[in-house]
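# Structural characterization, general
Listed below are the residues making up each chain.
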Amino acid sequence: MGVTKRLLAGAVVLAGLLVSNAQAQGLPKINEFYFDEDVAARPFQAVPAAQADAVDQLMKLRERGRKAVDATAQLASMAYAEGRDELGAKLYQEAMSSVSDGSVQARGLRWNQGWDLYRRSDAEQALALWQKAAEGTRGNPGWLPPTFALVLWTLGRKDEAVSWYAAAVRTEPRQWNDAANFPQLLPDWQDSERATLTQVQQAWAAKPPAWP
């Protein structure tokens, strides 16, 4: 087996172990409110994605060791978007190997890879990575309720999805009680993702769960 194939195989095995561990730990307990920001919950962008020579510039950053984690993660996300899942997994694992497991960067890598996997129709592994990304957060970050609501609904776990969505509504009722606000609240989400969350919002509106 060549070096590249060994790297890809190792990345796939390790990704599977991370997913299994996250699934075993279960979802976080739903809290009443989620007002906190999470600096890990942001896309990695070492260079503007629309830049014509973005790939070349990202490769140069990696070679020079400047913003290497950000550059590698951005390349990984681009690989997933092009359908090159094995390369994306390898690059994320490369980035993970250079940071502390409990660091903000590690949580950010899991958060980002979760989105890439969700957009590759792998909601189960996306959920597992988001579960892991949620560990070690300070306070109750605002990304959790809508993101978990989205992925749980996609997985057919609709009651759980509505319960998570209800936490968003409790936190900011005027924002989350109307799906018309989604483009402003979730500008980085794709139209299809906002459409799915609209289904969750409609289910919540039809029968809002009581708290607690």
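Just so you know, the residues in each chain are numbered from 1, in the order the chain's sequence is written. Per-residue local features are limited, in this predicted model, to residues with pLDDT of at least 70; the limit for side-chain atom pairs, both in listing and counting, is 80 or more; totals at the level of whole chains, interfaces and linings are taken over all residues. Processing note: side-chain calculations cover all non-hydrogen atoms of the structure and skip hydrogens and water entirely.

### Some details on the overall build of the protein
- Looking only at helices and strands, one finds eleven helices and zero strands in the protein.
- Listing the helices and strands of the protein from first to last along the sequence gives α-α-α-α-α-α-α-α-α-α-α.
- Only protein chains enter the accessibility calculation, which uses a 1.4 Å probe; a residue whose area is less than 20% of its type maximum is buried, one above 50% is exposed, and one in between is partly exposed. Classification of the 212 residues of the protein by burial places 42% in the buried group.
- Every accessible area reported is derived by Shrake-Rupley at a probe size of 1.4 Å, with residue values counting cover from the shown protein chains alone. Summing over all exposed atoms, the protein offers an accessible surface of approximately 11,300 Å²; the carbon and sulfur share of this is 50%. Helix and strand assignments come from DSSP, with helices taken as H or I runs of at least 4 residues and strands as E runs of at least 2, each series counted from the N terminus.

### Brief notes about the packing of aromatic side chains
- Pairing of aromatic rings covers Phe, Tyr and Trp, the last through its six-membered ring, and needs centres within 6.5 Å; plane angles under 30 degrees mean stacked, over 60 mean edge-to-face, and all others mean tilted. Taken as a whole, this structure holds 14 aromatic pairs when the rule is applied.
- With a centroid separation of 6.0 Å and an interplanar angle of 35°, the aromatic rings of Y80 and Y92 are classed as tilted. A residue pair is termed long-range when its members are at least 10 positions apart, and Y80 in helix α3 (residues 68-81) and Y92 in helix α4 (residues 85-96) qualify at twelve residues. Of the two residues, Y80 and Y92, both sit in the buried class.

### Focus on a positive patch on the surface
- A surface patch of positive charge is lined by K60, R64, R66 and K67.
- Inspection of the secondary structure puts K67 in the loop between α2 (54-64) and α3. Two joining distances apply to patches: 9 Å for like charges and 5 Å for nonpolar side chains (Val, Leu, Ile, Met, Phe, Trp, Tyr), and every residue must have over 30% relative accessible area and no salt bridge. Counted as salt bridges are all cases of a side-chain nitrogen of Lys or Arg within 4 Å of a carboxyl oxygen of Asp or Glu. For the purpose of counting charges, residues Lys and Arg are taken to be positive, whereas Asp and Glu are taken to be negative. His and the chain ends are not included. For the purpose of locating charges, the reference atoms are NZ of Lys, CZ of Arg, CG of Asp and CD of Glu.

### Side note on the confidence of the model for the protein
- Mean pLDDT over the protein stands at 90; residues scoring 70 or higher make up 88%.
- The quantity known as pLDDT measures the predictor's confidence residue by residue, on a range of 0 to 100. Between two residues, a contact is recorded if the distance between any of their heavy atoms is within 4.5 Å. Within the model, pLDDT remains below 50 along residues 2-7, and this stretch shows two contacts once partners closer than five positions in the same chain are excluded.
- Note that residues 11-24 has pLDDT below 50 and, in this model, 13 contacts with residues that lie over four places away or in other chains.

### Digging into α3
- How far a helix is expected to stretch is found by multiplying one less than its residue total by 1.5 Å. The terminal C-alpha atoms of α3 lie 20 Å apart, and with 14 residues this matches the ideal 20 Å at 1.5 Å per residue to within 8%.
- In terms of burial, α3 is a largely internal element, ten of the 14 residues being buried.
- Three or more residues of α3 are buried, namely V69, D70, A71, T72, A73, Q74, L75, A76, A79 and Y80.
- Among the structural elements, α2, α4 and α5 (104-118) are those in contact with the buried residues of α3.
- Looking one or two residues beyond α3, the residue adopting positive phi is G83, at roughly 85°.

### Topic: helix α11 (residues 191-206)
- If you check α11, its first and last C-alpha atoms are 23 Å apart, about what 16 residues at 1.5 Å a residue would give, namely 22 Å.
- Of the residues making up α11, those classed as buried are E193, R194, T196, L197, V200, Q201 and W204. One side of α11 carries all its buried residues, which in axial view fall inside an arc of 160°. Away from its buried face by more than 90 degrees, α11 exposes D191 and A206.
- Tucked into the core, α11 has its buried residues touching α5, α7 (144-154), α8 (158-171), α9 (173-176) and α10 (182-185). Comment: arc refers to directions from the helix axis out to C-beta atoms.

### Looking at the packing of α7 against α11
- Lines fitted to the C-alpha atoms define the axes, with helices restricted to the stretch that makes contact. Angles between their N-to-C directions range from 0 to 180 degrees. Interhelical geometry of α7 versus α11 gives an angle of 90° and a closest axis separation of 9 Å. With respect to α11, the element α7 is oriented roughly perpendicular. Residues P146, A149, L150, W153 and T154 of α7 pack against E193, T196, L197, Q199, V200 and A203 of α11.
- Taken together, the residues of the contact of α7 with α11 break down into seven nonpolar, three polar and one charged. Every angle not falling under 35 degrees, over 145, or within 65 to 115 is termed oblique; those three ranges are roughly parallel, roughly antiparallel and roughly perpendicular. When residue character is reported, Ala, Val, Leu, Ile, Met, Phe, Trp, Tyr, Cys and Pro are called nonpolar, Asp, Glu, Lys and Arg charged, and the others, Gly included, polar.

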